[in-house]
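Below, each chain spelled out in residue letters.
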Amino acid sequence: MAEVEATIGLRVLASILILIPTLAGLTLQFLLAITLISGWKKFRDSSFYLITTQLLWCDTCALLLDLYAAFPMTLTGVQYMGDSAALYYVPLAFEGIAFNGIFMLSLLLTINRFLLFIFPKWHNKIFTPRGTKALSAFVWIYVFTLILLTNVFGCRKEFSKDFFYFWYHCENYNPKHFHFKDFLYIHSYVIPCIMAAMYMIIYVKLKLTSKSFIQEQSTIRKEVKYLTQTVLICVLIAVEVAGFITLPFLGVNGYGQFYLNMLLNLIIISNNLMTPIVIFSCVIDHDCFPEEKFVQYENYAILRRPSPVSRVVLTQAT
């Protein structure tokens, strides 16, 4: 079957589906940046604040590259920068940095919530302001090492102007032999599974302990909300990876593949919109960046908040 080409109508539709959410995302990121900067003195010791601030810059970088590369190349079908390293390959390398930054920071955020609910003592020791910054530094060292090795093994981030998606082009890739590109795929599959497993453990823990303790409904709702903030930020990462895994096996040919790529692009951009949406939703409730600290007391984990009263939470001390 001959390979189909995108029609003008498909290009216009695909480019609009990139442009509108990208502009909306950049607007939200700008407003979020103002919010985070204004709250720096108040929330700078919150691990959630420190991690989401880094997510903000990663999301912004990814959205700017959608405007720089994905939108014009999808609309025109022309790689207007040519093969220039400075204008094409270097900027697109930052797309890889942004994606992996979001990926690994989402994992760090998941670990933060996991320890908070399951091992609160460890959370208090590890996710101090200094500890969070050290872990963030480790994340960025890992991300830049990953990008460096990607280039060492002959892989470069590119954008397909014909089918509307970012991808890694590895010149010496052989499907019959293990390649660093295969490691990137495995890496992308395993981490969402780890995050999902941690959230499942938290869910089971909350369900089991909620039957054992009597607690004020307002406190329960707060705990669930703090967990939901992180789940919403991380869940689209898993959806995005799941899409990349499953869609190629659907065997869609013809014009259907263009619509599937449009769907994936929307999922990717939606992922870049989630952080400001979650943060602004809790700003409206005046309950962002909780300074929660779980401390062991007798047989319970006590949740201390910036209030004169400490309340018993769902989790029983281990």
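Residues numbered from 1 in each chain as written. Predicted model: local features only at pLDDT ≥ 70, side-chain atom pairs only at ≥ 80, totals over all residues. Heavy atoms only, no water.

As annotated in an unreviewed UniProt entry, the protein chain carries the name G_PROTEIN_RECEP_F1_2 domain-containing protein and comes from Nippostrongylus brasiliensis. Under the Subcellular location (unreviewed entry) heading, UniProt states for the protein chain: "Membrane". (UniProt positions renumbered as here; feature names shortened; annotations may be inferred.)

### Things to note about the overall build of the protein chain
Each helix and strand counted, the protein chain has 9 helices and 5 strands in total. Buried positions account for 48% of the 318 residues belonging to the protein chain. Partitioning the contacts of the protein chain with sequence separation of at least 6, the portion at a separation of at least 24 is 74%. When the accessible surface of the protein chain is split by element, carbon and sulfur atoms take 68% of a total near 16,400 Å². (Helix = DSSP H or I, 4+ residues; strand = E, 2+ residues; numbered from the N terminus. Buried < 20%, exposed > 50% of the residue type's maximum accessible area, 1.4 Å probe, protein only. Contact = heavy atoms within 4.5 Å. Areas by Shrake-Rupley, 256 points an atom, 1.4 Å probe, with all protein chains shown as cover.)

### Notes on the environment of serine 47
Within the secondary structure layout, serine 47 lies in helix H3 (residues 47–76). Take serine 47: its relative accessible area is 7%, and that puts it in the buried class. Remark: the alpha-carbon pair of serine 47 and isoleucine 126, spanning 79 residues in sequence, is separated by 10.0 Å. Ignoring sequence-local partners within four residues, the contact set of serine 47 consists of Asn112, His123, Phe127 and Thr132.

### Digging into the nonpolar core
Counting 49 residues, the largest nonpolar core has Met104, Leu105 and Ile202 as the members making the most contacts within it. Mapped onto this core, the elements with two or more residues apiece are helix H1 (8–38), H3, helix H4 (85–118), helix H6 (129–152), strand S2 (165–170), helix H7 (180–210), helix H8 (217–246) and helix H9 (256–284). Tallying contributions element by element places H4 first for this core, with 13 residues. One finds Leu26, Ala69, Leu92 and Phe258 within the second-largest nonpolar core, a separate group that totals 21 residues. (Core = buried A, V, L, I, M, F, W, Y, C linked by side-chain atoms within 4.5 Å.)

### Examining the packing of aromatic side chains
All told, the structure shown has 13 aromatic pairs when counted by the stated rule. By the ring-pair criterion, three or more aromatic residues cluster together here, those being Phe163, Phe164, Tyr255 and Phe258. Positioned above the aromatic ring of tyrosine 89, the side-chain terminus of arginine 156 is 4.2 Å from the ring centre. Sitting over the face of the ring of tyrosine 168, lysine 157 holds its NZ or CZ atom 4.9 Å from the ring centroid. (Phe/Tyr/Trp six-rings, centres within 6.5 Å; stacked < 30°, edge-to-face > 60°. Lys NZ or Arg CZ within 6 Å of the ring centre and 35° of its normal.)

### Observations regarding the state of the cysteines
Counted by the stated rule, this structure contains 1 disulfide. The residue that forms a disulfide with cysteine 155 is cysteine 170, at a sulfur-sulfur distance of 1.9 Å. On the sign convention where negative is left-handed, the bridge of cysteine 155 and cysteine 170, at about 110° about the S-S bond, is right-handed. Taken together, the residues span a long stretch of sequence, with cysteine 155 in strand S1 (residues 155–160) and cysteine 170 in strand S2 at a distance of 15 residues. Cysteine 170 carries the same exposure label as cysteine 155, and that label is buried. (Disulfide = S-S within 2.5 Å.)

### So, H6
The first and last C-alpha atoms of H6 sit 35 Å apart over 24 residues, in line with the 34 Å expected at 1.5 Å per residue. Within H6, the full set of buried residues consists of Gly131, Thr132, Ser136, Val139, Val143, Leu146, Ile147 and Thr150. (Expected span 1.5 Å × (residues − 1).)

### Notes on the UniProt feature "transmembrane region" (unreviewed entry) in the protein chain
As annotated in UniProt, the feature "transmembrane region" (unreviewed entry) corresponds to residues 12–36, 48–71, 97–119, 131–153, 183–206, 226–250 and 262–284 in the numbering used here. Here residues 48–71 runs as 100% helix and 0% strand, with 32 Å between its end C-alpha atoms.

### Some details on the packing of H4 against H6
Contact geometry of H4 with H6 gives a least axis separation of 9 Å together with a crossing angle of 145°. Note that H4 runs across H6; the crossing there is right-handed. Residues Gly96, Ile97, Asn100, Gly101, Met104, Leu105 and Leu108 of H4 form the contact with H6, whose own contacting residues are Leu135, Ser136, Val139, Trp140, Tyr142, Val143, Phe144, Leu146 and Ile147. Across the contact of H4 with H6, the residue classes tally to 12 nonpolar, 4 polar and no charged. (Axes fitted to C-alpha atoms, helices over the stretch in contact; angles between N-to-C directions. Left-handed = near helix turned anticlockwise from the far one by under 90°. Nonpolar A, V, L, I, M, F, W, Y, C, P; charged D, E, K, R; others polar.)

### Describing the pattern of salt bridges
Opposite charge on two side chains allows them to pair when their charged atoms are near. Enumeration according to the criterion identifies 3 salt bridges in this entry. Residues lysine 157 and glutamate 95 are paired through a salt bridge, measuring 2.2 Å at the closest nitrogen-oxygen approach. In this pair, lysine 157 sits in strand S1 while glutamate 95 sits in helix H4, placing the two residues 62 residues apart along the sequence. Glutamate 95 shares its class with lysine 157; the two are buried. The partner of glutamate 158 in a salt bridge is arginine 156, with the nearest N and O atoms 4.0 Å apart. Each of the salt bridges in this network shares a partner with another, and the network as a whole consists of Arg156, Glu158 and Glu171. (Salt bridge = Lys/Arg side-chain N within 4 Å of Asp/Glu carboxyl O.)

### Regarding the pairing of S1
Buried residues dominate S1, accounting for 5 of its 6 residues. Turn length for the S1-S2 hairpin, with the two strands adjacent in sequence and antiparallel, is 4 residues, and the turn residue phenylalanine 164 shows positive phi of about 70°. (Pairing = 2+ DSSP bridges.)

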